[in-house]
Number of protein chains: 2
Amino acid sequence: MKSYSLPAGKKILALSGGVGGAKLALGLSKILSPEQLIIAANTADDFEHLGLSISPDLDTVMYTLADINNKALGWGLAGESWNAMDALETLGGDTWFRLGDRDLATHLERSQRLAKGESLSAVTAHLCRRLGVSHRIIPMSDDAVRTKVTTADGELAFQEYFVREQCQPAISDFYFDGIEQAAPQQALMDLLASDELAAIIICPSNPFVSVEPILRLAGVRDAMRNSAAPVIAISPIVAGIAIKGPAAKMMTELNIPATAIGVADYYGDLLDGFMIDNSDQSLLPSIEQLGLDVCSEQTVMKTLDDRIALAQATLAYANRLTQKTTQKTTQQTLSAVADTSGEH
Amino acid sequence: MKSYSLPAGKKILALSGGVGGAKLALGLSKILSPEQLIIAANTADDFEHLGLSISPDLDTVMYTLADINNKALGWGLAGESWNAMDALETLGGDTWFRLGDRDLATHLERSQRLAKGESLSAVTAHLCRRLGVSHRIIPMSDDAVRTKVTTADGELAFQEYFVREQCQPAISDFYFDGIEQAAPQQALMDLLASDELAAIIICPSNPFVSVEPILRLAGVRDAMRNSAAPVIAISPIVAGIAIKGPAAKMMTELNIPATAIGVADYYGDLLDGFMIDNSDQSLLPSIEQLGLDVCSEQTVMKTLDDRIALAQATLAYANRLTQKTTQKTTQQTLSAVADTSGEH
């Protein structure tokens, strides 16, 4: 495979939720140096449980890049043991959120460091360093944002809905508690304002509960629009189903078509380009009708090669979009020059 | 073995630290019903670690009575795994206090319940119930008392001294932070004031850091003196060495003879009877010279039978002391009657 080479000094920003986003983030990390890639992860599904501060999406990305993630489960650590959970069950404790013995160490260390006043980004940087992750993973914010889901069963914290209730209750609404007060991560804002930014990649994560919280942080959406770098989203919905998680079910319940078109329409003019799966090629015209640039690739990532190939394809797409914009700008400049010339 | 039968309605109070105390507590639990035995455990070596509330002595007694204690290590749980600790080491966390995976569940559940406002005694009762411990184990106090040890290396929390520093630094002093403000457990005070109390047994635990904190709680020492029940201590020092823990080393450093005599002298007139090991029989005259009733038994408990035998011997000794007191009281009453008669 020919390795994509990003121009010197250029950087890629990836916005990620959990599993799906982490797969693409891993692919990107295999073709980009630690200086070339920053992954901003959703923290709105973080929660406090058993007295521990748990950051599911951050950990999924971190464990994935450290190559210690549990590929069978899709969360947690490979080769995990469950002795603490078993003992907790004996003691009548809460065991619906399964924390493996090794995974517990991550939460113990994070919780302790946060309690001592360290920021979530400092803690994440520390954990990544200890796990040998050299690419930079940053929480979207150091402030607490908590997704709350309104269901027929009442309001639930996201993990209660997602894990405890197995996404069974129908969703009528959701909101991000604390989003108004939360400051976006400074490194994220700095990168969005930087000329070095070559592309903003919205990973194939849940648009509503994984990506939206990042976009809702004060100034992020405007900074993305104002950035010269193209914004590309990869559809997490393929052939009408979500590869992982409740995105498709949520879309249906929220009266959004559970298709790549629904996702494209949801992101709307925030995007410069949208990528769908080859199996959804029939949707290309409808998405183009939304006024979006769109392409299709093999977006379902089963193997590491798939992840790397999608990363390559995404960067190549970003490059095409950049050149198109440059051409357009050049043409505009030329015609402006022509117009000006004509005036003389 | 002939089972000791405590008179109906009578109760035994055992004051216990960790391992040594737990052994005798287990023996007592095998010959006394849950209604006949209350074990008050030291909590001055409790501490907060990794954000968890840890009660080493309480847990040792609880795990021992649940028969899930690690007999090889002398602390923690049998068949324990250490995956969380191993992972924590990778993350650069504190691992000097080894918390097994199953043991972690105890501390997670306790910490959470305390954080929700439950008392330590309520949490302990819950944990005991879940672990099938039917005999009552109560923390000496629901309030925080923390043993601080003054050493050549400065002041250390007890577990730092005991576990992290392996009792290496020489002790010049120690104190119990919070002891003045801590209320003794109400169930303990009620029992000490009760006519139902048949004996107060000070288990073979460290007199300075395991038993002394209980005795220092407001009113406990007076209540013990005022109780009609005999107070018996079993020497934790046998042949000049501590069966477990740093008691002998501490005694030497505190200029107290590291012998059963030193222990007897330390408890002094709080005791009605003192029990030493058969191997220390040569010390009997010296201890009697202190004005104490003393007996010798096999106090070193290697097997469950040893634990039960010592429990039997202790209760039998308590019974002998009670009868002696009753005879004395009867004689005093008789001579008082004689005196009164003479006056007429």
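Scoring rules and cut-offs
- Residues numbered from 1 in each chain as written.
- Chains lettered and ligands numbered in written order.
- Predicted model: local features only at pLDDT ≥ 70, side-chain atom pairs only at ≥ 80, totals over all residues.
- Heavy atoms only, no water.
- Helix = DSSP H or I, 4+ residues; strand = E, 2+ residues; numbered from the N terminus.
- Rg over C-alpha atoms; globule rule 2.2 N^0.38 Å.
- Buried < 20%, exposed > 50% of the residue type's maximum accessible area, 1.4 Å probe, protein only.
- Contact = heavy atoms within 4.5 Å.
- Pairing = 2+ DSSP bridges.
- Axes fitted to C-alpha atoms, helices over the stretch in contact; angles between N-to-C directions.
- Parallel < 35°, antiparallel > 145°, perpendicular 65-115°, else oblique.
- Left-handed = near helix turned anticlockwise from the far one by under 90°.
- Salt bridge = Lys/Arg side-chain N within 4 Å of Asp/Glu carboxyl O.
- Buried area = accessible area lost by both parts, 1.4 Å probe.
- Polar contact = N/O pair within 3.5 Å; in protein donor to acceptor, adjacent residues only side chain to side chain.
- Least-squares fit on C-alpha atoms with pLDDT ≥ 70 in both.

In the nomenclature of an unreviewed UniProt entry, chain A corresponds to 2-phospho-L-lactate transferase from the organism Oceanicoccus sagamiensis.

Caption draft 1: Local environment of the overall build of chain A. The helix and strand tally for chain A stands at 13 helices and 14 strands. Taken over the C-alpha trace, chain A has a radius of gyration of 21 Å; the compact-globule value for 344 residues is 20 Å, and the two agree within 12%. Its C-alpha atoms give chain A principal-axis dimensions of about 85 × 40 × 40 Å. The proportion of buried residues among the 344 residues of chain A is 56%. In chain A, the share of contacts with a sequence separation of at least 24, taken over all contacts with a separation of at least 6, comes to 69%.

Caption draft 2: How the structure looks around the sheet that holds strand β8 (residues 171-177) of chain B. Residue and element names in this part refer to chain B. The strand order across the open sheet built from three strands is β7-β6-β8, with neighbouring strands paired in antiparallel fashion. In this open sheet, the two edge strands, each paired with only one partner strand, are β7 (154-157) and β8. Geometrically, the sheet is characterised by an average inter-axis angle of 25° between neighbouring strands, direction not taken into account. The sheet contact formed by strand β6 (residues 146-151) and β8 spans six bridges and is antiparallel. When the sheet's bridge partners are listed, Lys 148 is paired in β8 with Tyr 175. Sitting on the sheet, helix α8 (residues 207-216) touches β6 and β8, and the angle it makes with β8 is about 40°.

Caption draft 3: Region of interest: the packing of α8(B) against helix α11 (residues 260-267) of chain B. Residues and elements named next belong to chain B. At their nearest, the axes of α8 and α11 sit 12 Å apart, and the two run at 15° to each other. Comparing the axis directions of α8 and α11 gives the class roughly parallel. Relative to α11, α8 is oriented so that their crossing is right-handed. Facing α8, whose interface residues are Pro 207, Phe 208, Val 211, Glu 212 and Leu 215, α11 presents Val 263, Tyr 266 and Tyr 267.

Caption draft 4: Looking closely at the pattern of salt bridges. Scanning all chains against the criterion turns up 28 salt bridges over all chains. Taken together, the shared-partner salt bridges in this structure form one network comprising Glu109(A), Arg113(A) and Glu118(A).

Caption draft 5: Highlighting the interface of chain B and chain A. If you look at the interface, chain B gives 26 residues, while chain A gives 26 residues. Here chain B meets chain A over a buried area of about 2,200 Å², counting both sides, of which 64% is carbon and sulfur. At the surface where chain B touches chain A, the tally comes to zero salt bridges. Put simply, chain B and chain A have 10 residue pairs in polar contact (both at pLDDT 80 or more) between them. Residue assignment for the side of chain B that touches chain A shows that the elements contributing at least two residues are α3 (83-90), α4 (101-115) and α5 (120-130) of chain B. Tallying contributions element by element places α4(B) first for the side of chain B that touches chain A, with eight residues.

Caption draft 6: Structural view of the environment of Ile201(B). All names here are of chain B. With respect to the element layout, Ile 201 can be found in strand β9 (residues 197-202). The spatial distance from the C-alpha of Ile 201 to the C-alpha of Asp 59 is 19 Å, given a sequence separation of 142 residues. Residues in contact with Ile 201, not counting those within four places in the same chain, are Ile 12, Leu 13, Ala 14, Leu 15, Leu 24, Leu 28, Ile 232, Ile 234, Thr 314 and Leu 315.

Caption draft 7: Inspection of the sheet that holds strand β9 (residues 197-202) of chain A at higher detail. Residue and element names in this part refer to chain A. Spatially, the seven strands line up as an open sheet ordered β5-β2-β1-β9-β10-β13-β14, and their pairing is parallel. Sheet topology places β5 (136-139) and β14 (294-297) at the edges, where each strand pairs with a single neighbour. Put simply, the sheet's adjacent strands are angled 25° from each other on average, direction ignored. Where strand β2 (residues 37-41) lies against β5, four bridges are found, and the strand directions are parallel. Opposite Ala 40, over in β5, you have Ile 138 as the bridge partner. Here helix α2 (residues 56-65) sits on the sheet in contact with β1 (11-16), β2 and β5, set at roughly 175° to β5. Along the sheet, helix α8 (residues 207-216) makes contact with β1, β2 and β9, crossing β1 at roughly 120°.

Caption draft 8: How the structure looks around the relation of the copies chain B and chain A. Overlaying chain B on chain A yields an RMSD of 0.1 Å, the required transformation being a rotation through 180° with an accompanying axial translation of 0.0 Å. Look at the turn and shift together and you get a two-fold axis relating the two. Among all residues of chain B, the minimum C-alpha distance to the rotation axis is found for Asp101(B), at 3.1 Å. Taken together, the interface assignments show that 100% of the residues at the interface of chain B recur at the interface of chain A, consistent with an identical surface on both copies.

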